[in-house]
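Descriptive analysis of the structure
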Amino acid sequence: MLVRDYVPPANFSKGRRASVSAEPLSMEDDITHDRVIHPKTDEQRKRLQGAVKDILIFKSLDQEQREYVLDAMFEKKVQNGDRVIELGDSGDYFYVVDSGKLDCYILIGGEEKKVATYDNTGAFGELALMYGTPRAATIVATEECILWALDRTTFRQLVLVTTMKKREMYEKFLNDIPMLQELESYERMNLSDALVTTKYKSGDAIIKQGEEAEAFFIIEKGTCVVKVKDTFSSQHTNEEVEVSQLNSGEYFGELALLQQKPRAASVYALTDVRLRSSGYQSI
């Protein structure tokens, strides 16, 4: 079955582009405003999801935001010898490799020299979009390739603004954790970027008393309940007793992780919750 090629936007150009100024980024930008949607077949959608799943810049997006990004991307086919981006040009698009091979060249000693190869995976073009600077490299296809392109404005709104908002929020959370207050600002920034999103359904056990500690958790959304085994009453039932509840913005699991001791309590999802977690090595 042949998959119909999607026609790219009218302003999409294969040629070089005149210099433009970088758009200012506001932390108040609405990432869902003027949502861009390029229709895709089920087969295309599946390929795109596979192509972006290991791309670092997408990892800070939650599921809803990821869907916005996928909707905004469109398929672009290039031929052997095509120069996808050109050193010194302004950045129009961010690219994710679906299939095919491309070589990366940078200027060394006044000559373009190959420094890397994209082999059926990877992404490129984000630096010029992030910082509003000219392209720092030339990317040349060495065979027929399929790429996924995301326009500059959508990239900055959906990816950069989202990333900055989350980084700011988690840096604040991390700054309130006593064991992390001695970290330098850049160390907290790196740790905030390393936080991984996990989701639990109401009633799910997140950590269990007595287990080895592998991570600490920040509650992004929802409510958790903390329970300990009843070893202190006259009955010594060993049943779990609720001792507290934790809400959005609160955290747990850091003491056992820092002290490398077994968990002192169990924590369950009281409602559906979304957490951010980080392991000992990140700390």
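Model, not experiment: these values are computed from the prediction.

Conventions adopted
Residues numbered from 1 in each chain as written. Predicted model: local features only at pLDDT ≥ 70, side-chain atom pairs only at ≥ 80, totals over all residues. Heavy atoms only, no water. Helix = DSSP H or I, 4+ residues; strand = E, 2+ residues; numbered from the N terminus. Buried < 20%, exposed > 50% of the residue type's maximum accessible area, 1.4 Å probe, protein only. Contact = heavy atoms within 4.5 Å. Areas by Shrake-Rupley, 256 points an atom, 1.4 Å probe, with all protein chains shown as cover. Pairing = 2+ DSSP bridges. Axes fitted to C-alpha atoms, helices over the stretch in contact; angles between N-to-C directions. Arc of directions from axis to C-beta. Phe/Tyr/Trp six-rings, centres within 6.5 Å; stacked < 30°, edge-to-face > 60°. Lys NZ or Arg CZ within 6 Å of the ring centre and 35° of its normal.

1. Remarks on the overall build of the chain
Across its full length, the chain holds six helices and 16 strands. Buried positions account for 42% of the 283 residues belonging to the chain. Looking at the chain alone, contacts between residues at least 24 apart form 77% of all its contacts between residues at least 6 apart. Accessible surface, the chain as shown: approximately 15700 Å² in total, 50% of it carbon and sulfur.

2. Side note on the sheet that holds strand β7 (residues 138-141)
What the four strands build is an open sheet, ordered β2-β7-β4-β5; its pairing is antiparallel. Only two strands of the sheet have a single partner each, and these edge strands are β2 (83-85) and β5 (111-119). Neighbour-to-neighbour, the strand axes of this sheet turn through a mean angle of 30°, independent of strand direction. Summarising the sheet, β2 and β7 pair through two bridges and their orientation is antiparallel. Note that in β7 the partner of I85 across the bridge is I139.

3. Quick look at helix α1 (residues 42-52)
Listed as buried for α1 are Q44, R45, L48, A51 and V52. The buried residues of α1 occupy an angular sector of 125° when the element is viewed end-on, so they sit on one face. Exposed and oriented more than 90 degrees from the buried face of α1 are D42 and K46. Looking at the buried side of α1, the elements it contacts are α2 (63-72), β1 (74-78), β3 (93-99) and β8 (145-151).

4. Some thoughts on the packing of aromatic side chains
Under the counting rule described, the total for this entry stands at seven aromatic pairs. Between F58 and F94, the aromatic rings sit 6.1 Å apart at their centres with planes inclined by 45°, giving tilted as the arrangement. Of this pair, F58 sits in the loop between α1 and α2 while F94 sits in strand β3, and the two are 36 residues apart along the sequence. This pair shows no difference in class: F58 is buried, exactly as F94 is. Here the guanidinium or amino end of K227 rests over the ring plane of Y268, the centre of that ring lying 5.5 Å away.

Any functional reading would require information that these geometric values do not contain.
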